Amino acid sequence: MVELSKLFLNRPDVGVKTYIVVPADIADRVLDELVKKSLLEPLPAGEARREAEKLAERLELASKTAKLVQELSNRLAAPVEVEVKELPWDLDQGLAKLYNELLDTLRLVRGLEREVAELEQRAERLAALKKVVDAVEGRGAEGLVLEYDGDIVVVRTVYGSREEVAKLEEASLKTLTRLEAQPGKDVAVLVFERESYERVREEAERLRVEVAGLPLGDLRQLKLTIEERLNEARARAGDLRRKVGEVVSGKVYEIALAKVLAETVESKIGVLRDALESRYLTLIAGWTLKSRAKEVERVARENRGVALFEESPDPPVEFNNLKPFKPFELFTEIMGYPSPTEWDPTPLLTYLYLVFFSLMFPDVGYGIGLIIGARLVLPYFVENKDTLRRLIKIATYAGVTGIVTGLLSGNFFGSLLGSYVSMVIPSVLPSLPPRLGSLEEIGPQIIRYIGLALLVGYFTVLFAHTIALLRNLSMRNKTGLVAEVLVISLMVTGPPAIKSVLKFNVDVLGVANLVPGDIVVYAAVGVLVAYAVFKSVVDRPFGALLWIFDVLGVMADVLSFVRIAGIAIGGAIMAELLNALIANTTAIVSGFSVASFMVGFLMAITLHIVNLGLSSISPFVHSLRLIMYEVSSKFYEGSGRRILPAGVRGLVVKVGGS
């Protein structure tokens, strides 16, 4: 079953960055096969080299990110399961952003850990010092010398491994105290001669226990102060350790996402590293459409190679429309190719173009003439075979729809044969009276056609803004969404408000029949004021002045559809004038029935062919203008780039014969 989107707003076929690794000795053969099948848009030589450099950089970044993830993961208290719901569109940009973010986190964590280590070292030394004080207090001593600098002797309290303390003890003059602070580590109060201390100063200072600021004269007060500082250091270290845990836990999703991205990049392009570093393998890089990726895989596999595909943030695209819509891609091309995130409006524009054209060209005879004439005349004016083929198909579709509206309006070369059609098929669309008739007969038909054109214009513009609203909603563009809601609200409340105030019956939706007139007026004024305020805030400083042009622009878009009535009526009037001329001429030779018929037939063929040529150009141009400016401009940007696969086409050459 055909996807519903292919019948209205289609998605383009998006290209993917393609890397093909094959043996170097058959690389040319593989490339030739890809070119013959138009499967690949190869990257230029310079760009291919840059792409190879980017691959190396990406692999290096993925490797560094994996190491970073491992370092942060090791700091988690326990394993955590994280569900990664969505990967970023641009893997490289997402990976680089996560790497920088996690690197900042690791730097912060390392800074906190350094501070924790310093506090723990300080607490360890204070605990050792407390043991010295306890030992002195246990011996009943009144005082304690922990540090002294004199001209003859120097006293230092040191803390370190048993070997480090023993080495200093050997160089000292006397050991006042030496205790085991903890397994493998001792604390000692050593007395040095000044001369011998200078020889071990560097080592002693490294192991020195800082006692500055301690009340050394009072053992009890000294002990209390040491305990306070020890508890403070331990509490601060505990707080910082918890802070480290909180920082790492707060980044657990980013850590998981970075792990997935790093593994994804390495798994996707890790095999390319071998091609870049090997002289026996060759890397072919380019763009391939997603729809043809399996063909590229098959070519690579059959040639002992491998093909890898990667989505890119700004890939080229190709139309992906059903066969009946392909000729009308010509109109979309004029406005630009859709971007990868845009809807391709070709199916919708096809319907609207044919509706607009058929309303401007409602004549069975002219529709038939357009189908035949396109095949006979266009080859003289269009050299490009592809463009000619598409234009002929467009003319064929347009001619068929013109035949349909011609039957519904009773026009077959105007009333020349149309009067016979009207006997069989009742006229649904407005139609001019045969040979124009009186002004009283023409006027109502012209008014009806103008009303029909404005009705078509109103609903078309409203529909275009609705599509724009859906597009902004899908893109999460809040500003554009609010603007479209206000415009649509204005289009709904404006006509009944005009009917209520000015008594012009333009309320095509019948809102005035459901809501009292004064409420509709207040609603329309409220929406108008809201739109003015909104534009004044969003488009400062000019929005306060230019919002009125947006409102008038909506009215102008609807009024622009009056051209449908003008072109249709102009062509019909010309056809009836020609029919009148033919009738008057044949009346002169009415005595000769055969001559009268021949003259009338030749005049009808000649004059209506001329009118066909003149009247078929305007519907083509103005229908195109309507779909470009009044419809697609509301929701279509056309900022994409078309993929250009290298390829060759076979030529059919006729030889021989006279």
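Residues numbered from 1 in each chain as written. Predicted model: local features only at pLDDT ≥ 70, side-chain atom pairs only at ≥ 80, totals over all residues. Heavy atoms only, no water.

Undergrad: Quick one: what's the story with the overall build of the protein chain, residue by residue and with numbers?
TA: In terms of helices and strands, the protein chain carries 21 helices and nine strands. Projected onto its principal axes, the C-alpha positions of the protein chain cover 155 × 80 × 40 Å. Taking all 658 residues of the protein chain together, 44% fall into the buried category. A separation of at least 24 residues holds for 76% of the contacts in the protein chain among residues at least 6 apart in sequence. (Helix = DSSP H or I, 4+ residues; strand = E, 2+ residues; numbered from the N terminus. Buried < 20%, exposed > 50% of the residue type's maximum accessible area, 1.4 Å probe, protein only. Contact = heavy atoms within 4.5 Å.)

Undergrad: Could you give me a rundown of the side chain of Asn 321, with the residues and numbers involved?
TA: Considering the arrangement of structural elements, one finds Asn 321 in the loop between strand 9 (317–318) and helix 10 (329–335). At a separation of 2.9 Å, a polar atom in the side chain of Asn 321 contacts the side chain of Asp 344. (Polar contact = N/O pair within 3.5 Å; in protein donor to acceptor, adjacent residues only side chain to side chain.)

Undergrad: Before we move on, can you summarise the sheet that holds strand 6 (residues 185–193) with the specific residues and values?
TA: If you walk across this open sheet you meet the four strands as 3-4-6-5, and the pairing is antiparallel. Every interior strand has two partners, whereas the edge strands, strand 3 (148–149) and strand 5 (174–182), have only one. As paired strands, strand 4 (residues 153–161) and strand 6 are joined by nine bridges and run antiparallel to one another. By the bridge assignment for strand 6, Ser 161 is matched with Lys 185. Sheet contacts for helix 3 (residues 91–138): strand 4, strand 5 and strand 6; angle to strand 5, the most-contacted strand, approximately 125 degrees. (Pairing = 2+ DSSP bridges. Axes fitted to C-alpha atoms, helices over the stretch in contact; angles between N-to-C directions.)

Undergrad: Any chance you could break down the pairing of strand 5 for me, citing the residues and the numbers?
TA: When strand 5 meets strand 6, the two strands line up antiparallel, connected through seven bridges. Bridged to Lys 174 within strand 6 is Val 191. Linkage of strand 5 to strand 6, two consecutive antiparallel strands, is achieved through a turn of two residues, within which Gly 184 is found at a positive phi near 90 degrees.

Undergrad: Please give an account of a nonpolar patch on the surface that cites residues and values.
TA: Together, Phe 542, Leu 545, Leu 546, Ile 548, Phe 549, Leu 552 and Met 555 make up a nonpolar patch on the protein surface, roughly 730 Å² of accessible area in all. Mapped onto the fold, Leu 545 is located in helix 18 (residues 543–559). Its relative accessible area of 62% is what places Leu 545 among the exposed residues. (Patch = residues over 30% accessible without salt bridge, like charges linked within 9 Å, V, L, I, M, F, W, Y side chains within 5 Å. Areas by Shrake-Rupley, 256 points an atom, 1.4 Å probe, with all protein chains shown as cover. Salt bridge = Lys/Arg side-chain N within 4 Å of Asp/Glu carboxyl O.)

Undergrad: Run through the packing of helix 11 (residues 346–360) against helix 19 (residues 562–588), naming residues and quoting values.
TA: It is at 7 Å that the axes of helix 11 and helix 19 come closest, and there the two elements cross at 40 degrees. Between helix 11 and helix 19, the angle falls in the class oblique. Facing Phe 356, Leu 359 and Met 360 of helix 11, the residues of helix 19 in contact are Arg 563, Ile 564, Ile 567 and Ala 568. Tallied by class, the residues present in the contact of helix 11 with helix 19 amount to six nonpolar, no polar and one charged. (Parallel < 35°, antiparallel > 145°, perpendicular 65-115°, else oblique. Nonpolar A, V, L, I, M, F, W, Y, C, P; charged D, E, K, R; others polar.)

Undergrad: Please give an account of the pairing of strand 4 that cites residues and values.
TA: Burial of strand 4 is extensive: eight of the nine residues sit out of reach of the surface. Pairing between strand 3 and strand 4: two bridges, direction antiparallel. Bridge pairing in strand 4 links Tyr 148 to Val 155. The hairpin turn running from strand 3 into strand 4, its antiparallel successor, is three residues long.

Undergrad: Outline the packing of helix 12 (residues 364–377) against helix 13 (residues 385–409), listing residues and values.
TA: Where helix 12 contacts helix 13, the axes come no closer than 7 Å and their chain directions differ by 170 degrees. Classified by the angle between their axes, helix 12 and helix 13 sit roughly antiparallel to one another. Contact residues: helix 12 offers Val 364, Gly 367, Ile 368, Leu 370, Ile 371, Ala 374 and Arg 375, while helix 13 offers Ile 392, Ala 395, Thr 396, Ala 398, Gly 399, Val 400, Gly 402, Ile 403, Gly 406 and Leu 407. Across the contact of helix 12 with helix 13, the residue classes break down as eleven nonpolar, five polar and one charged.

Undergrad: Kindly report on helix 18, identifying the contributing residues and their values.
TA: The first and last C-alpha atoms of helix 18 sit 24 Å apart over 17 residues, in line with the 24 Å expected at 1.5 Å per residue. Every buried residue of helix 18 is accounted for by Gly 543, Trp 547, Val 551, Val 554, Asp 557 and Val 558. (Expected span 1.5 Å × (residues − 1).)

Undergrad: Describe the side chain of Asn 411, naming the residues involved and giving the relevant values.
TA: Note that Asn 411 resides in the loop between helix 13 and helix 14 (415–424). What makes Asn 411 buried here is its relative accessible area of 9%. Side-chain polar atoms of Asn 411 contact the side chain of Ser 431, separated by 3.4 Å. The residues touching Asn 411, leaving out its near neighbours within four places in the chain, are Pro 362, Asp 363, Val 364, Gly 406, Gly 418 and Ser 431.

Undergrad: Got a sec to walk through the pattern of salt bridges? Specific residues and values, please.
TA: By the definition in use, this model includes 42 salt bridges. Across the pair Glu 101 and Lys 251 runs a salt bridge, and its minimum N-O distance is 2.6 Å. Taken as a pair, Glu 101 in helix 3 and Lys 251 in the loop between helix 7 (219–250) and helix 8 (252–277) lie far apart in primary sequence, 150 residues in all. Here Lys 251 falls in the partly exposed class, since its relative accessible area comes to 22%. Measuring nitrogen to oxygen at the nearest pair gives 3.7 Å for the salt bridge that ties Glu 637 to Arg 471. Highlighted residues: Glu 637 in the segment after helix 21 (617–631) and Arg 471 in helix 15 (residues 439–474), separated in sequence by 166 residues.

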